Amino acid sequence: MDSSDLWAGLPTLEQPPGEDDTAPEVPDVWEDPIPLTGRRERPAFPAHVLPAWLGEFVAAVAEETQTPVDLAGSIALAVLATAAGGRSVVHVRGNWREPTNLYTVVALPPANRKSAVFALLTNPLYEAEKQLKAAMKPVIVEAEVTARLAKEAADKAAAKAASADGDKREQMVATAVGLAQTADTLTVPAEPVLLADDSTPETVTSLMAEQGGRLSVMSAEGGIFDIIAGRYSGAPNMEVFLKGHAGDRLRVNRQTRREYIDAPALTIGLAVQPDVLKDIGKVKGFEGRGLLARFLYSLPVSTVGYRKIITNPVPETTAATYGARVINLTLSLAEWTDPAVIQLSPEADAVLIAYQDRIESKLKPRGGHLSHISNWAGKLAGATARMAALLHLAEHLGEGYAHPVPEATMRAAIELGEYYTAHALAVFDVMGADAVLGRARSVLDALRDNGWEDVSRRDVFTVLSRSEVPTVTDLEPALALLEDHGYLRSYQPERTGKRGRPPAPRLQVHPDLRNAGR
């Protein structure tokens, strides 16, 4: 089949109504492109956007441990999500609500003191868990005794009814049935658990069911990814991790167990080695089913080799304030069965709408800065709303639901969203989570070989292998990635006449590639 046939029937890109038909000026100056295998610029974690008590502790931990502030900052967000997740939601607008749980992962090489930072940040959660267990212990004991006595009474009544004669039998059977039904309704509450380590999907599901839908997996290792990928089962088991992030109903109906969670809220906070990110990008199903799109990624620059030997310890008052407020937030929301609803102020919503507009324009298949990670970027607005709610709760602790999220807090959350966007772009480069990177390299080779200065998408598509790039749709993310890295510029040519469709957008090629092909 002639390659031109592949373009038959494809619509020519038309301008949206009302836009000027004239071609925009394309600047002549080109910056050096970012190598596809190179490192992107990754900003430092903006600790200044956190509430003062939290930001001070994060900065102090980074100073004492001589670690990137990104590590403590991302763990701190997971700590807030552990305290509030499953017990609060943020109402964005209309029917749009977001739970306040998060998935965060920081990637740093060995010897970066990840475990030490984890311990400092999560210790108050374990203390809160102890207090919840101590408060629940008498309730559990009373429920156990009541349930045991009810079961014994029902058994005795059933035994008497079985041996009764005549008119008394019917009455005694009714009594036994009533006692059995009462005993069956009595349940013993589970011991409170806030945190789990690298647990199996089955264990996570069971714990979430026992804990009213809430659980947090916090670990300074990346073993949970191996478990999800099927270390024990032989096949990936992502269901609880997919639905636990989104809050979708989860049902488990098997011979050995039946569990139902109406609104699961799972939080994950991890610190892993960078090689773990490369490995999970290769796991079949992780990207396709959207697991990778649910994480907020941080890929900070290691401080190893540049650390001070004598450091300032975390001030006692800073540590005490942090611990007390994390415990306060956790305990104040622990008893909520219907989640606390966090509202946005009109000003905060207006800021979020403007941010959504900016994100949307970056998702365009042609030239969109985020089009090649659209699965991840499509969840960015929701993640930003979640972070805004968590920052708001951290500011007001247990009374956050009584005040709407202000504009300043939403802007702080958006700054966090921009931080995680920059790092996600770098992480997905490291992962090579799909075929886009390979196709982009093939396009680079074609551009160099042909020495094009200005080229149509059709011409690029024609010279590529159909086995690697089967359709035009498969080509677009690769072109977007190259434009994002500075190798290409997309522009709209001028019309040659007033009638008919406007010409299709074309591509300008970086001079370095043109010269390489000559």
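Residues numbered from 1 in each chain as written. Predicted model: local features only at pLDDT ≥ 70, side-chain atom pairs only at ≥ 80, totals over all residues. Heavy atoms only, no water.

**Remarks on the packing of helix α12 (residues 380-396) against helix α13 (residues 407-431)**
Stated formally: Helix axes are fitted only over the stretch in contact, all axes being lines through C-alpha atoms; the angle between N-to-C directions runs from 0 to 180 degrees. Under the DSSP-based scheme used, a helix requires at least four consecutive residues in state H or I and a strand at least two consecutive residues in state E, with every element numbered from the N terminus. Here is the rule for angles: anything less than 35 degrees is roughly parallel, anything more than 145 is roughly antiparallel, 65 through 115 is roughly perpendicular, and the remaining ranges are oblique. The handedness criterion is simple: a crossing whose near helix is rotated anticlockwise from the far helix by less than a right angle is left-handed, and one whose near helix is rotated clockwise is right-handed. Here, two residues are considered to be in contact whenever any of their heavy atoms come within 4.5 Å of each other. When residues are grouped by polarity, Ala, Val, Leu, Ile, Met, Phe, Trp, Tyr, Cys and Pro land in nonpolar, Asp, Glu, Lys and Arg in charged, and all others, Gly among them, in polar.
The contact between α12 and α13 brings their axes to 8 Å, and the two run at 130°. Classified by the interaxial angle, the pair formed by α12 and α13 is oblique. The two elements α12 and α13 cross, and the hand of that crossing is right-handed. Contacts between α12 and α13 involve L380, T384, M387, A388, L391 and H392 from the former and T409, M410, A412, A413, I414, L416, G417, Y420 and T421 from the latter. Of the residues contributing to the contact of α12 with α13, the split by class is 10 nonpolar, 5 polar and no charged.

**Let's talk about the sheet that holds strand β3 (residues 103-107)**
For clarity, the threshold we go by: The pairing criterion is simple: DSSP has to find at least two bridges between the two strands.
On the basis of which strands lie adjacent, the open sheet formed by 5 strands has the order β4-β5-β8-β3-β9 and parallel pairing. Lying at the two open borders of the sheet, with one neighbouring strand each, are β4 (195-196) and β9 (296-298). Sheet topology note: the strand β5 (residues 214-219)/strand β8 (residues 265-272) ladder contains 6 bridges and is parallel. Counterpart to M218 in the pairing with β8 is G269. In the packing of helix α2 (residues 69-84) onto the sheet, the strands contacted are β3, β5, β8 and β9, and the crossing angle to β5 comes to about 160°. Against the sheet, helix α7 (residues 239-246) touches β3 and β8, its axis set at about 110° to β8.

**A closer look at the packing of aromatic side chains**
Formally: Between rings of Phe, Tyr and Trp, where Trp is taken as its six-membered ring, a pair exists when centres lie within 6.5 Å; planes separated by under 30 degrees are stacked, by over 60 edge-to-face, and by other angles tilted. The buried label goes to any residue with under 20% of its type's maximum accessible area, the exposed label to any with over 50%, and the partly exposed label to all in between, with areas taken from a 1.4 Å probe on protein chains only. Note on criteria: charge over ring means Lys NZ or Arg CZ within 6 Å of the ring centre, with the direction from the centre no more than 35 degrees off the ring normal.
Overall, the coordinates contain 10 aromatic pairs when judged by the stated rule. Ring geometry for Y419 versus Y420: centroids 4.9 Å apart, planes at 75°, classification edge-to-face. Accessibility classification places Y419 together with Y420 in one group, the buried group. Lying over the aromatic face of W30, R489 brings its terminal NZ or CZ to 3.7 Å of the ring centre.

**A look at the side chain of H485**
If you trace the backbone, H485 turns up in the loop between α16 (472-484) and β12 (488-491). Overall, the relative accessible area of 1% leaves H485 in the buried class. Setting aside residues no more than four positions away along its own chain, H485 makes contact with P33, I34, P35, L36, R40 and D429.

**Thoughts on the pattern of salt bridges**
We apply this condition: Each reported salt bridge corresponds to a side-chain nitrogen of Lys or Arg within 4 Å of a carboxyl oxygen of Asp or Glu.
Within this structure, the stated rule accounts for 14 salt bridges. The salt bridge involving D349 is made with R93; its shortest N-O contact spans 2.7 Å. Of this pair, D349 sits in helix α10 (residues 346-361) while R93 is found in strand β1 (residues 88-93), placing the two residues 256 residues apart along the sequence. Accessibility expressed as a relative area gives 15% for D349, which makes it buried. Among the ionic pairs, R386 bridges to E98, the shortest N-O distance being 2.8 Å. Here E98 lies in strand β2 (residues 96-99) and R386 lies in helix α12, a separation of 288 residues in the sequence. Of the two residues, R386 and E98, both sit in the buried class. Put simply, E129, K133 and E191 are held in one network by salt bridges that share partners.

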